[in-house]
Amino acid sequence: MATLYLVLLTLHNLNRWVILLTGLWALVQTVPGLSSGRPFTPADRRPVAAFMGSLHLQVVLGLLLFAFMGMQNIPVFAGAPRPSFQWEHLGLGVLAAVFATLGSIQSRKAATDPLKFRAAALWTGLSMIVILAGIPWWRPLLRFFNQ
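Residues numbered from 1 in each chain as written. Predicted model: local features only at pLDDT ≥ 70, side-chain atom pairs only at ≥ 80, totals over all residues. Heavy atoms only, no water.

As recorded in an unreviewed UniProt entry, the protein goes by Cytochrome B and comes from Deinococcus seoulensis.

A. How the structure looks around the packing of aromatic side chains. Going through the model one piece at a time under the given rule, you end up with five aromatic pairs. A ring pair is formed by Tyr5 and Phe68, whose centres lie 6.1 Å apart and whose planes are at 15°; its orientation type is stacked. Taken together, the positions of Tyr5 in helix H1 (residues 2-30) and Phe68 in helix H3 (residues 42-71) put the pair 63 residues apart, joining distant regions of the chain. We note that Tyr5, like Phe68, is buried. Summarising the aromatic geometry, the rings of Phe99 and Trp123 are spaced 5.3 Å apart at their centres and angled 50° between planes, so their arrangement reads as tilted. In this pair, Phe99 sits in helix H4 (residues 85-109) while Trp123 sits in helix H5 (residues 113-134), placing the two residues 24 residues apart along the sequence. A single burial state applies to Phe99 and to Trp123, both of which are buried. (Phe/Tyr/Trp six-rings, centres within 6.5 Å; stacked < 30°, edge-to-face > 60°. Helix = DSSP H or I, 4+ residues; strand = E, 2+ residues; numbered from the N terminus. Buried < 20%, exposed > 50% of the residue type's maximum accessible area, 1.4 Å probe, protein only.)

B. Spotlight on the nonpolar core. One finds Phe51, Leu55 and Ile131 to be the most contacted residues of the largest nonpolar core, which totals 14 residues. Broken down by secondary-structure element, the contributors of at least two residues to this core are H1, H3, H4 and H5. Counting residues per element, this core draws most heavily on H5, which supplies five residues. Residue contacts for Phe51: discarding those within four places in its chain leaves Ile19, Thr22, Gly23, Ala100, Thr124, Ser127, Met128 and Ile131. (Core = buried A, V, L, I, M, F, W, Y, C linked by side-chain atoms within 4.5 Å. Contact = heavy atoms within 4.5 Å.)

See the structure below:
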């Protein structure tokens, strides 16, 4: 069981970097489109969808970790700056996934290209702010199969 925990923790940690990179990619792709007047293309949509997908994976990995740690009586976020951080981390992760999903859906369904760019940039930006607030920065930035 300890091996499963380390695998989940490593995947959760590595996926954090995928999320930050795809979120940055989505912002770099959509923010310039706010004022350019160009059409919203599949190339503009791709990073928004990738960002949302990687966030959904992160939530699933996080929930698996949370459940596994609870079953094994492993202290969640030992050494956290405050006891409530585990719930903040969980809530902010779900909120970030909701924001990214809203950005993906609204950028696909908006009536005009400027509205598509605006929805993608707004919700991706809000999601990135929530993500940055929810990352446990006191922990190792890269974790490869170690606690």
